[in-house]
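Observations on chain architecture
In case you want the letters, here they are:
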Amino acid sequence: MKRAWLEALKDTLPFVVAYFPLGIVFGYLFHQLEAPWILAPVMSLCVYAGSVQFMALGLLASHGSLFTLVLTALFIGSRNAFYGLSLLDRYQGKGWRKWYLIFGLVDPVYATLVSKPHLGDADQKYCLCLTAYLHATWIAGTFIGAAAGAHFPPLPGLEFILTALFAILLVEQLCKHRAWFPLCVAAGAALVMHQLAPGFEIIGTLLATTLILTLREWRGLTA
Amino acid sequence: MNPIVVTIGLLTGLTILTRAFPFLFAEKLRRNHLLQKVAQQLPTAILMILVFHSLQGTTWSSFPFGMPEVLGIATTVGVHLWRRHMILSLISGTSIYFLLAFFTGGTG
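Computed from a prediction, not measured in an experiment: that's the story for all the values here. (Residues numbered from 1 in each chain as written. Chains lettered and ligands numbered in written order. Predicted model: local features only at pLDDT ≥ 70, side-chain atom pairs only at ≥ 80, totals over all residues. Heavy atoms only, no water.)

1. Here we look at the state of the cysteines
Residue and element names in this part refer to chain A.
- With the rule as written, the count across this model stands at zero disulfides over all chains.
- The thiol of C175 is not disulfide-bonded; the next cysteine sulfur, from C184, is found 15 Å away.
- A relative accessible area of 26% means that C175 is categorised as partly exposed. (Disulfide = S-S within 2.5 Å. Buried < 20%, exposed > 50% of the residue type's maximum accessible area, 1.4 Å probe, protein only.)

2. What about the pattern of salt bridges?
- Taken as a whole, this structure holds seven salt bridges over all chains when the rule is applied.
- The salt bridge involving R79(A) is made with D107(A); its shortest N-O contact spans 2.8 Å. Taken together, the residues R79(A) in helix α5 (residues 79–87) and D107(A) in helix α7 (residues 107–114) connect sequence positions 28 residues apart. There is no split in this pair, since R79(A) and D107(A) are both buried.
- Residue E172(A) is joined to R84(B) by a salt bridge in which the shortest nitrogen-to-oxygen separation is 3.0 Å. In this pair, E172(A) sits in helix α9 (residues 160–177) while R84(B) sits in the loop between α4 (67–83) and α5 (86–103), so the two residues belong to two different chains. (Salt bridge = Lys/Arg side-chain N within 4 Å of Asp/Glu carboxyl O. Helix = DSSP H or I, 4+ residues; strand = E, 2+ residues; numbered from the N terminus.)

3. As for α5(A)
- A large share of α5(A) lies buried, amounting to eight of its nine residues.
- Within α5(A), burial applies to R79(A), N80(A), A81(A), F82(A), Y83(A), G84(A), L85(A) and L87(A).

4. Thoughts on helix α3 (residues 50–61) of chain A
- Over its twelve residues, α3(A) extends 17 Å from the first C-alpha to the last, a length consistent with the 16 Å expected when each residue adds 1.5 Å.
- Residues of α3(A) that are buried include every one of V52(A), Q53(A), M55(A), A56(A), L57(A), L59(A) and L60(A), and no others.
- Taken together, the buried residues of α3(A) touch α1 (4–29), α2 (39–46), α4 (66–77) and α8 (123–148) of chain A together with α1 (3–24) of chain B.
- After α3(A) finishes, the residue H63(A) shows a positive phi value of roughly 55°. (Expected span 1.5 Å × (residues − 1). Contact = heavy atoms within 4.5 Å.)

So far we have only geometry, and geometry alone does not tell us how the molecule works.
In structure tokens form, the structure reads like this:
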């Protein structure tokens, strides 16, 4: 077993390449608000939820109501509540380490961890490093984007790296578990929700998928 | 107080609330067999959803009809099934995406 921090660095590097410019874009867009630029990295430090932050920028810029903001954030953020379900056993233990892991449970952390076997004694250190690297990347990107402002327009298209990474991890997951049913249900639900509920696609898809999977398992148990 | 500071405070609370939610009921959830079975299948479903979600900015209804994205993903997946080498799959898929996006005027 290699050292945990190095292993975590190796696994996060591709996500760092994708996350950093995204942070820059966020910091850059923050300038449309009449606010001190330093609040942008502060927001990335405390809120640490990419899609919620981008949504909030839009609502703040258009002077939307606080109620709309909270409700939308709750909808977008609630997908993370599902992530914990797969990590209940892995994120055990006590103290600040566990709570930092839970706070920092963003998409790339989840995607990496479900594809990575438990590392035994080194596992908590591995998870902590992984979480901290991504958090730091997000803050640093935002800081640079916000500080450099208009002098440094971000490069478009780098978000595709995220798509490619999620696709790779999905392939890995399928090679391991061959879970075609949840895959098909999720894909079908995503397509339906895209038509029915634009804006609430993610949480809609997630709820529908979980419901269908639960009903199927429940029938299996009672049959 | 600055409305942006208020917003940051509120959203921080929401982040903690949504992420900590399942852990607050960890003991109960762990004992539920039905839920455990569903939770085992969730990673595949969620990764699928993340792929879809990350394609939100794609133009499907007009030229280039999401072609750079679709072919970029196809290349990534194809190369990955062939070699199972993450960095190689990532670089080849992303290169195809950038080339197509550049020549169809999507990017750059």
